[in-house]
Each structure stands twice: as structure tokens, then as C-alpha cells.
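What follows is the residue order along each chain.
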Amino acid sequence: MTPTLILYLIRLFSALLLLGFVGAIAWLIYREMKVTAVSLEQQERPQGKLRVIASEKGVPVVDTIYPLLSVTSLGRAVNNTVVLSDSYASSQHALIVRREGQWQLQDLGSRNGTLLNDVPVRGTAVISSGDIIAIGGVQLKVEL
């Protein structure tokens, strides 16, 4: 074997190793992106709903349905999942979160408070299907 042939074989072997390494990295990235996409899809899929059952000012309209996501924000600001045009609602009023298999309602320090089945929420409260959440003049029924 000539030195030129040996160098050629070493280059060829190195190129194949590099190509295999790049292919393995590409496959791992693809697999990770696929897993992330599935978990995000499951996370953002509505897992229940909130139905407006009473509204003093008529906004939102009674029987309006809002999707209940794994993190659902309620308040007067337009960036909330559920926007409440009520003067008694804070801009970031309350949060509904799914943690450890349970739905939890958390008042975010609002001035006028949040009621769960006519009881003021202090901190975090576990909610279930059929519960009534009242923020200002708006009442929402939890439907899981």
C-alpha cells in the first residue's frame, strides 16, 4: 500500500465518521422536537371550559364559553385568557392552574377578591366541575 492510498482511506474513514456524527445529532434534534411538539399540543389543548352564567353589565354575554387550559388567566387586561370588562376585576385578577392532577384557583392579590361558591379565596383553592367562580359582577361555572 502506498502512502497516498493510506491517506485517502484515512480521509474517507474520517469523512464517514463525521457524516455519521452529524446524522446522529440531526436525528436526536428531530426526536426532541417531536417530543416537545406533542407535549406542547397536549398542554395547550382545552381540558375543560368556563361558562358565563351571570354578568351584571351584560359583558361577557351569558353562556359565553372560554376554554380551560392548563394555565388560564382571568382579569381586565386584554392579554388574559378570559377578559372581564368589569370595573371590579383587576387587570390580572385570578389564575386557574392544573397542578398534580387538580385544578386550582388562585387570587392574584386583587383588591375586590375572588369568590369560589360564595366563599372568598385566600391564596389557592382546589376547584372541581360545577363550582362557581365570581369576579365582580361576573359568575363563571367550571365544566370539566
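Further up the page is the structure itself.
As the structure is a prediction and not an experimental result, all values here were calculated from the model. (Residues numbered from 1 in each chain as written. Predicted model: local features only at pLDDT ≥ 70, side-chain atom pairs only at ≥ 80, totals over all residues. Heavy atoms only, no water.)

## Focus: the overall build of the chain
Selection rule: Think of it this way: any DSSP run of H or I at least four residues long counts as a helix, any run of E at least two long counts as a strand, and we number them from the N terminus. With C-alpha atoms as the basis for the radius of gyration, the globule rule is written as 2.2 Å multiplied by the number of residues raised to the power 0.38. Throughout this description, buried means an accessible area under 20% of the type-specific maximum (1.4 Å probe, protein chains only), exposed means over 50%, and partly exposed covers the range between. Should any heavy atoms of two residues lie within 4.5 Å, those residues are considered in contact. Accessible areas in this description were obtained via Shrake-Rupley with a 1.4 Å probe; residue shielding takes into account the shown protein chains only. The sign given to each residue is positive for Lys and Arg and negative for Asp and Glu; His and the chain ends receive no count. To locate a charge, take atom NZ for lysine, CZ for arginine, CG for aspartate or CD for glutamate.
Within the chain, the secondary structure is distributed over 1 helix and 11 strands. In sequence order, the chain lays out its α and β elements as α-β-β-β-β-β-β-β-β-β-β-β. Over its C-alpha atoms the chain spans a radius of gyration of 27 Å, topping by over 25% the 15 Å that the globule rule assigns to 144 residues. Taken over the C-alpha atoms alone, the chain extends approximately 90 × 25 × 25 Å along its principal axes. Burial status across the chain gives 31% buried among its 144 residues. Restricting the contact set of the chain to residue pairs at least 6 apart, pairs at least 24 apart contribute 33%. Element-wise, carbon and sulfur atoms account for 61% of the exposed surface of the chain, whose accessible area totals about 9400 Å². The chain carries 13 positive and 11 negative side-chain charges, and their two centres are separated by 8 Å.

## Some details on the environment of Asp107
Threshold: Polar contacts, as counted here, are pairs of nitrogen or oxygen atoms within 3.5 Å of one another; within protein the pair requires one atom able to donate a hydrogen and one able to accept it, and residues that are adjacent in sequence qualify only if both atoms are side-chain atoms.
Tracing the sequence through the fold places Asp107 in strand 6 (residues 102–107). As a C-alpha pair, Asp107 and Leu140 span 33 residues in sequence and 15 Å in three-dimensional space. Ignoring anything within four residues of it in the chain, the contact list for Asp107 reads His93, Ala94, Gly113, Thr114, Val121 and Gly123. At 2.5 Å, the side chain of Asp107 forms a polar contact with the side chain of Thr114.

## Topic: a nonpolar patch on the surface
This is how the line gets drawn: Think of a patch as exposed residues, more than 30% relative accessible area, with no salt bridge, where like charges cluster within 9 Å and nonpolar side chains (Val, Leu, Ile, Met, Phe, Trp, Tyr) cluster within 5 Å. Salt bridges are counted wherever a side-chain nitrogen of Lys or Arg sits within 4 Å of a carboxyl oxygen of Asp or Glu.
Among the surface-exposed residues, Met1, Leu5, Ile6, Leu7, Tyr8, Leu9, Ile10, Leu12, Leu16 and Leu19 lie close enough to one another that they form a single nonpolar patch of about 1000 Å² accessible area. Within the secondary structure, Leu7 sits in helix 1 (residues 3–44). Under the relative-accessibility criterion, Leu7 is labelled exposed at 52%.

## Details of the side chain of Thr72
Examined against the element boundaries, Thr72 turns out to sit in strand 3 (residues 71–75). Thr72 sits in the buried class, given a relative accessible area of 0%.

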